Amino acid sequence: NFTMEAYMTVILLGIFFSIFHWQASLCVSISYLVIFYWRKLHIIIKTLPRDLRCLYRVRKMVNRTLYCKKKNISVVDAFYNQLKKRPRNPCYYFEDQIWTYKDVEDYSNEVANVFNDAGYIKDDVVAVLMGNCPEYVCTWLGLAKLGVVSALINTNLRLGVLAHCINSSNAKAIIFTDKFASVVQEVRELLERDVKLYQVGGSVSGDVQDLSKSMTSASQKPPNTKYKPGYSDQLLYIYTSGTTGKPKAARFPNSRFLLLTNAGQCLLNLRDDDIMYNPLPLYHVAGGALGVGPALILGIPSVIRAKFSASGYFEDCIKYNCTIGQYIGEMCRYMLTSKPRAEDRQHKVRMMVGNGLQASIWRQFVERFRITNIIELYGATEGNVNMGNLNGKIGAIGCIPQCIPRALIPVAIIRVDEETNKPIRSSKGLCVWCKPGETGMFVGAIKQNDPTRQYHGYLNQDESQSKVIYDVFKKGDQAFVSGDLVTMDEEGYIYFKDRTGDTFRWKGENVSTSEVESVVSSIIGLQECTVYGVQVGEMEGRAGMVAVAESDVPLDLPGLAEGLDRALPTYARPLFLRLTPILPHTSTFKLKKVDLQREGFNPANTSDRLYFRQSASFTRLTSELYQDIVTGKVKV
C-alpha cells in the first residue's frame, strides 16, 4: 500500500521529467498506470486468453445471426438446407428408431397439409401437449410451414393452470397424444373458447379428431400455400413462470431459435461429427431449442430420450455414440447417487451442457464420469440475458470480459434494494454497477435493431413491460430485468445467487408461490397460508414449503396431499408443511416470508409443528428425519 506522500512524489516527478524529455514522461506515465492500476492490469492480462477466445466466438455467432436476418432465413429454410445436403442421414434417434431428414420432412408435411386443408393460417395458434419424441418436433415444424404458432405446453400441468396456458395463448386447437387424452377432457370445461381437439395415437371418441388417421391420407409434399416463413415471424410460444403469477407465454420467433442454435454452434464449438444426447423436456428452451435445433439447422444429429434416467444416461450415450450430453437442475446429482457402473467411463462424451450443476458436486461429477468439458449455461426464456461458462470455472454461469470497456458490454449487474428489488439509482437517476463481490440484479441491454440484443418478451404486453427498466446507464436506454440475483468476482466470473419475486426454482422448474398458494387455499378453505422455497442440504434450487395458520378445525393432511396432487405438477407440490398459530404480517398486511424461509424446515428453529410429504400424506418432521433429508438418506 502506498501512502499519500508516495503518490504525490510520483506525480511531481512525472511533471518534472515531462518538462525536459518526452521519453522520461512516457516512462513515468507507464509507471503511474502500473502503480495505480496494477491489480486491474494483472487481471486483464490473466483473463485475456479467455476473453479473446470468448469474443471471437461471440463475433462468429453475431455474424451468422446477421446473415440469417439479411437473407430473411427461417427455421424451415434452414431445415430445407440440411434436407438437400443429407436427406437419408439421421436427424433424430429415438429408442430403436432412426428418423432421417426425409422422415422429418414427410411427417411435418403431413401435419402441415392436414391443418392447411382445415383452414389454419399465419399467426393462428395451436397448443401442443405431447411427450418427448421426434413427432413432437415434426409437429411444430409442420405448423411452422403454414406460419401457425405452436404453444408448447408443459406436460405436468393440470386443470386450472393448464387451462390458463391454453386460454392465454388464444389457441384454436390442441394436438395431444393419447397419453394426455383424459387430461385434455378434464380441462375442456375451463377453456374460454371452442378449441378443436386433435389426438395422435390411441382410440378416439366424441368430437375429437383422429390426427393420425388424417395424416395417413395427407400428402407428403410441402403444403400448397402462398405463405413463406420469415426470419422475424413467430415460431413458438414457450411458457415460463416469470416472477409472479401463472405461467406466461414467451414469444419465441424464428430469429430467437436461430440465434440460440448459432450460439450453440459457435460458443460450444460444435463439430460435424458430434451427436447430442437430449433427455430434457421438449417444451422448454434447453431441450426444445438447444437440444433439437442443431439437428434441424446444423445437421448435427440428436438423441431424444422420452424421460431422463440417471442409470441409463451413459448407457444411451454409448449406444448412440453421443459426444455431447445435456443436463439440467439435479440431473447430475441423481447420476452421482446412482450405483457406479462400467458404462460411467466407457462413453465418448467430450462435453456436457446445461444449467444447475452445483459447485459442491462439480469436481466429483467430472472425475467420476471423466467429462473433460462442462459448459454451464445461463439464459432467460423471455429475455436477452444469455451467457455460458466456457472455461469450466467451477460454480460460474459465465463471465464478463475484462479487456473491454463497460459501455461495450451488453449485460450488467446492478444494485437493487434488498426489500423491493428495485434499482438503486445515482444522483443522476441512472443505475449503479455492482462492484466485484457485491450481489445485484442481472440485466441485459435492449437494442431492438440488433438481433442479438432484441427483447421479445411475453405474449401479454403488460407482462412484457414489467420486465423492462429505463435510464439504466444513460438517459433513454432500456434493459431487460432477469429477476435473478448474481455476483461477479474480480476476474469477471459470474455466479448465480438467488431468484427474486414470488418464485423459487425446484427440479429445474420455476414455481410460482402465488399459484401454489391459490391451490392450497382452495383446498383448506379460509385458513391463511403462505408458500415459499427452502434450501434442502446442498441440492440445487429450493423445495416448496407451505405455512398454514391453525384454526379450530384440524387440517385434513391426506386431503391436502390429494388436492395438491390433483391440481399441481410434481415439482410444484410443497414437500414441507408448517402449522403455526399465526402468520407474520407487514404493516400493510402483507405476509412476511423472510423469517419463515430462514427457519426453513429445521425443527430446532421453531416450536411450530413441521411435516414432510411422504406417500399419500404428510408425516411429522422430527430431528432425525430432518437429518436424513439434509444428508440425502431420504430422497426428495
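The rules behind each value
- Residues numbered from 1 in each chain as written.
- Predicted model: local features only at pLDDT ≥ 70, side-chain atom pairs only at ≥ 80, totals over all residues.
- Heavy atoms only, no water.
- UniProt positions renumbered as here; feature names shortened; annotations may be inferred.
- Core = buried A, V, L, I, M, F, W, Y, C linked by side-chain atoms within 4.5 Å.
- Buried < 20%, exposed > 50% of the residue type's maximum accessible area, 1.4 Å probe, protein only.
- Contact = heavy atoms within 4.5 Å.
- Helix = DSSP H or I, 4+ residues; strand = E, 2+ residues; numbered from the N terminus.
- Expected span 1.5 Å × (residues − 1).
- Phe/Tyr/Trp six-rings, centres within 6.5 Å; stacked < 30°, edge-to-face > 60°.
- Lys NZ or Arg CZ within 6 Å of the ring centre and 35° of its normal.
- Axes fitted to C-alpha atoms, helices over the stretch in contact; angles between N-to-C directions.
- Parallel < 35°, antiparallel > 145°, perpendicular 65-115°, else oblique.
- Left-handed = near helix turned anticlockwise from the far one by under 90°.
- Nonpolar A, V, L, I, M, F, W, Y, C, P; charged D, E, K, R; others polar.
- Pairing = 2+ DSSP bridges.
- 1 Å grid on protein atoms, 1.4 Å probe; cavity = no way out; pocket = protein on both sides within 12 Å on 5 of 7 lines; lining within 4 Å.
- Points joined across faces, edges and corners; volume = space filled by probe spheres on them.

- Going by an unreviewed UniProt entry, the protein chain carries the name Very long-chain fatty acid transport protein and comes from Cuerna arida.
- Database annotation for the protein chain, UniProt heading Sequence similarities (unreviewed entry): "Belongs to the ATP-dependent AMP-binding enzyme family."

Concerning the nonpolar core
And step 1. Counting residues in hydrophobic clusters, the biggest one holds 74 residues, and the most contacted among them are Y92, F115, W140, F257 and L296.
And step 2. The residues contacting F115, other than those within four sequence positions of it, are Y120, V126, L143, L146, I175, Y198 and L211.
And step 3. Counting 72 residues, the second largest nonpolar core, distinct from the first, contains V184, V208, A249 and L610.

Here's the deal with helix 4 (residues 101–117)
And step 1. The terminal C-alpha atoms of helix 4 lie 24 Å apart, and with 17 residues this matches the ideal 24 Å at 1.5 Å per residue to within 8%.
And step 2. Counting buried positions along helix 4 gives 13 out of 17 residues, so the element sits mostly inside the fold.
And step 3. A positive backbone phi angle near 95° is found at G119, which sits one or two residues after helix 4.

Some remarks on the packing of aromatic side chains
And step 1. A complete count under the given rule lists 19 aromatic pairs for this structure.
And step 2. Ring plane angle 65° and centroid distance 6.4 Å describe the contact between F308 and Y313, whose orientation is recorded as edge-to-face.
And step 3. A cation sits over an aromatic face here: K172 above Y120, 5.5 Å from the ring centre.
And step 4. For the cation-ring pair, K248 lies above Y458, with the distance from its terminal atom to the ring centre recorded as 5.9 Å.

Side note on helix 16 (residues 513–524)
And step 1. Its 12 residues give helix 16 an end-to-end C-alpha distance of 16 Å, which sits within 8% of 16 Å, the value for a rise of 1.5 Å per residue.
And step 2. Residues of helix 16 that are buried: T513, E515, V516, E517, V519, V520 and I524.
And step 3. Along its buried surface, helix 16 packs onto helix 6 (159–168), strand 22 (503–506), strand 23 (509–512), strand 24 (529–534), strand 25 (543–549) and helix 17 (557–567).
And step 4. The first or second residue beyond helix 16 is G525, which carries a positive phi of 85°.

A closer look at the packing of helix 4 against helix 5 (residues 134–144)
And step 1. Viewed as axis vectors pointing N to C, helix 4 and helix 5 meet at an angle of 50°, and their least axial separation amounts to 7 Å. Judged by the angle between their axes, helix 4 and helix 5 are oblique. As helix 4 packs across helix 5, the resulting crossing turns out to be right-handed. Between helix 4 and helix 5, the contacting residues are V104, Y107, S108, V111, A112 and F115 on the first element and E135, C138, T139, L141, G142 and L143 on the second.
And step 2. Of the residues assigned to the contact of helix 4 with helix 5, the class counts are 8 nonpolar, 3 polar and 1 charged.

A few points about the pairing of strand 24
Regular strands place side chains that alternate from one sheet face to the opposite one.
And step 1. A large share of strand 24 lies buried, amounting to 6 of its 6 residues.
And step 2. By the bridge criterion, 6 bridges tie strand 24 to strand 25 in an arrangement that is antiparallel. In the strand pairing of strand 25, V531 is matched with V546.

Points about the sheet that holds strand 4 (residues 149–152)
Strands belonging to one sheet form pairs held by backbone hydrogen bonds; the direction of such a pair is parallel or antiparallel.
And step 1. Pairing is mixed in the open sheet, where 7 strands are placed in the order 7-6-5-3-4-8-9. For this open sheet the edge positions go to strand 7 (209–210) and strand 9 (248–253), each flanked by a neighbour on one side alone.
And step 2. As paired strands, strand 5 (residues 173–177) and strand 6 (residues 196–200) are joined by 5 bridges and run parallel to one another. Across the sheet, residue F176 finds its bridge partner in strand 6, namely Q199.
And step 3. The strands that helix 5 touches are strand 3 (125–129), strand 4, strand 5 and strand 8 (234–240); relative to strand 4, the one it contacts most, it runs at about 150°.
And step 4. Its contacts with the sheet place helix 9 (residues 254–267) against strand 8 and strand 9, and it is angled at close to 75° to strand 9.

Here's the deal with empty space enclosed by the protein
And step 1. All chains considered together, the criterion is met by 2 cavities of 30 Å³ or more.
And step 2. The computed volume of the largest cavity comes to approximately 70 Å³.
And step 3. What lines the largest cavity is A310, S311, F314, E315, M335, S338, K339, R341, E343, D344 and F369.
And step 4. Residues that form the lining of the largest cavity fall into these classes: 4 nonpolar, 2 polar and 5 charged.
And step 5. Of the volumes computed, that of the second largest cavity is approximately 40 Å³.
And step 6. I400, I413, W433, C434, K435, P436, E438 and M488 are the residues that line the second largest cavity.
And step 7. Looking at side-chain class alone, the lining of the second largest cavity contains 6 nonpolar, no polar and 2 charged residues.

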